[in-house]
Amino acid sequence: MGKFVDHATWPLRPEDEGPHPAGPEPLWSESVYLDFAAADGSLAGYVRLGLYPNWNRAWYWACLVGRDRPAVLLADHHVPLPVHGPPEPAGPSGRDGEGTRPGVLAVRGEGGGGFRAVHDVTAPMRSFRVTLDVAAAAVLGDPAAAYGDLRGAGTTSLAFDLEWRSAGDPYPYRLMSRYEIPCEVAGTIRVGGTEEIAFSGYGERDHSWGERDWWQMSWLWSSGRLDDGTFFHGMRANVGFEIPWPCFTVPPGGVTEEREGFTAASEFGADGLPSGARLGVPGLPMAVVPLAFAPVAMTSPDGETARFPRALCRFEAEDGRSGYGWTEWHQPPGWRGHGWR
């Protein structure tokens, strides 16, 4: 692990790449998220594993979007909690099972006609590999269909064998146990059993643990890479007051630089999908243009519903640079009154 921004609030360690002891809160969770986008924005996707030990389940999301192709989505909210164990026989991807090293998790679920994934921290803070085989992911001509019953949607197989290699130092959040790492991403993507894509691009991965109530707070989260090689990240929650929101940039060949004073303003259509945003990355203001959505809806233990529109976006900086990446706008009940501007 290289240097990272030290807020002197909690110590980030290589061991944090592995799982953490659960807290007592009913909605305590641990989340691993990884996204990717081609440098020209032609193809992109993400994977998220959320562990909810006190709710006795895991969530698993995976998607693929791109130019002139419908979104392909797996969203399973009833996955058995993964366990560590001895290696299993290789699956359809040719990847072995859980292994015995810390930081390796194997996940199996019935969503998408049955899926199997292995998350492998191959080198703490430096490299992370995901292999995924989904038998029947949903094909969405209308991304808003993800908010409804997908049992009648068309389906296709989907497989990832991708590796995220760190392109900058880890950035820990100041006020919560969470860190972000900008990455180069490469590997193989297979769709429908006949299309095989040798992928090379960029992305970001994050890891967080603690209580997270998806049905209370709204937020914007964004990360991307500009055409000169600059990575950026910013996050802002709609809590009614300002704090030092997480924000950083990584110049080409440079080191992670924290930027204080991040702001964001968003616009939404009648269907709730974002139509655009402005990111106030200090020294690097930019417009956000959503290109392809892969949203998810989630239901609380009490039956409340939150919507989570995520989109591959084009970023247009005021200084003329541009690039691609992902932005999310989390929408719990009552989200329209949460001060998005």
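Residues numbered from 1 in each chain as written. Predicted model: local features only at pLDDT ≥ 70, side-chain atom pairs only at ≥ 80, totals over all residues. Heavy atoms only, no water.

Caption draft 1: Expanded view of the packing of aromatic side chains. In the structure shown here, the tally under the stated rule is 28 aromatic pairs. Aromatic side chains W61 and F308 sit 5.5 Å apart centroid to centroid with 45° between the ring planes, which places their arrangement in the tilted category. In this pair, W61 is assigned in strand β3 (residues 57-66) and F308 in strand β20 (residues 305-308), connecting sequence segments 247 residues apart. Residue W61 shares its accessibility class with F308, and that shared class is buried. Between Y171 and F248, the ring centres sit 4.8 Å apart and the planes meet at 35°, which makes this aromatic pair tilted. Residue Y171 is found in strand β9 (residues 171-172), and its partner F248 is found in strand β14 (residues 247-250); the two are separated by 77 residues along the sequence. We note that Y171, like F248, is buried. Chaining the aromatic ring pairs together yields one cluster made of Y52, W55, W59, W61, W214, W215, W219 and F308. The ring of W55 carries the charged tip of R57 above its face, separated from the ring centre by 4.3 Å. Just above the ring of F231 sits the side chain of R225; from NZ or CZ to the centre is 5.9 Å. (Phe/Tyr/Trp six-rings, centres within 6.5 Å; stacked < 30°, edge-to-face > 60°. Helix = DSSP H or I, 4+ residues; strand = E, 2+ residues; numbered from the N terminus. Buried < 20%, exposed > 50% of the residue type's maximum accessible area, 1.4 Å probe, protein only. Lys NZ or Arg CZ within 6 Å of the ring centre and 35° of its normal.)

Caption draft 2: Main features of the confidence of the model for the protein chain. For the protein chain, the average pLDDT comes to 92, and 92% of its residues sit at 70 or higher. Predicted confidence is poor over residues 85-100, with pLDDT under 50, and the contacts of this stretch with residues over four places away or in other chains come to 36 contacts. (pLDDT = per-residue confidence, 0-100. Contact = heavy atoms within 4.5 Å.)

Caption draft 3: Inspection of empty space enclosed by the protein at higher detail. A complete count under the given rule lists 3 cavities of 30 Å³ or more for this structure. Taken as a whole, the largest cavity encloses approximately 130 Å³ of empty space. What lines the largest cavity is a set of 15 residues, among which E17, G18, P19, V32 and L105 lie closest to the centre. Elements with a contribution of two residues or more to the lining of the largest cavity: β1 (28-37), β2 (43-52), β5 (104-109) and β6 (115-123). With 3 residues, the single largest contributor to the lining of the largest cavity is β1. For the lining of the largest cavity, the class distribution of residues is 8 nonpolar, 5 polar and 2 charged. Counted as a void, the second largest cavity has a volume near 100 Å³. Lining of the second largest cavity is provided by S31, Y33, Y46, R48, W61, R178, D206, R212, W214, F308, R310 and E328. Sorting the residues of the lining of the second largest cavity by element identifies β1 and β2 as the ones contributing at least two each. Here the residues of the lining of the second largest cavity sort into 5 nonpolar, 1 polar and 6 charged. (1 Å grid on protein atoms, 1.4 Å probe; cavity = no way out; pocket = protein on both sides within 12 Å on 5 of 7 lines; lining within 4 Å. Points joined across faces, edges and corners; volume = space filled by probe spheres on them. Nonpolar A, V, L, I, M, F, W, Y, C, P; charged D, E, K, R; others polar.)

Caption draft 4: Main features of the pairing of strand β22 (residues 322-330). Here β22 lies mainly inside the structure; 9 of its 9 residues are buried. Of the two faces of β22, the one lined by S322, Y324, W326, E328 and H330 and the one lined by G323, G325, T327 and W329 are each fully buried. Across 8 bridges, the pairing between strand β12 (residues 219-226) and β22 is antiparallel. Paired with L226 across the strands is G323, a residue of β22. Between strand β21 (residues 310-317) and β22, which pair antiparallel and follow one another directly, the connecting turn spans 4 residues, one of which, G320, has a positive phi of 105°. (Pairing = 2+ DSSP bridges.)

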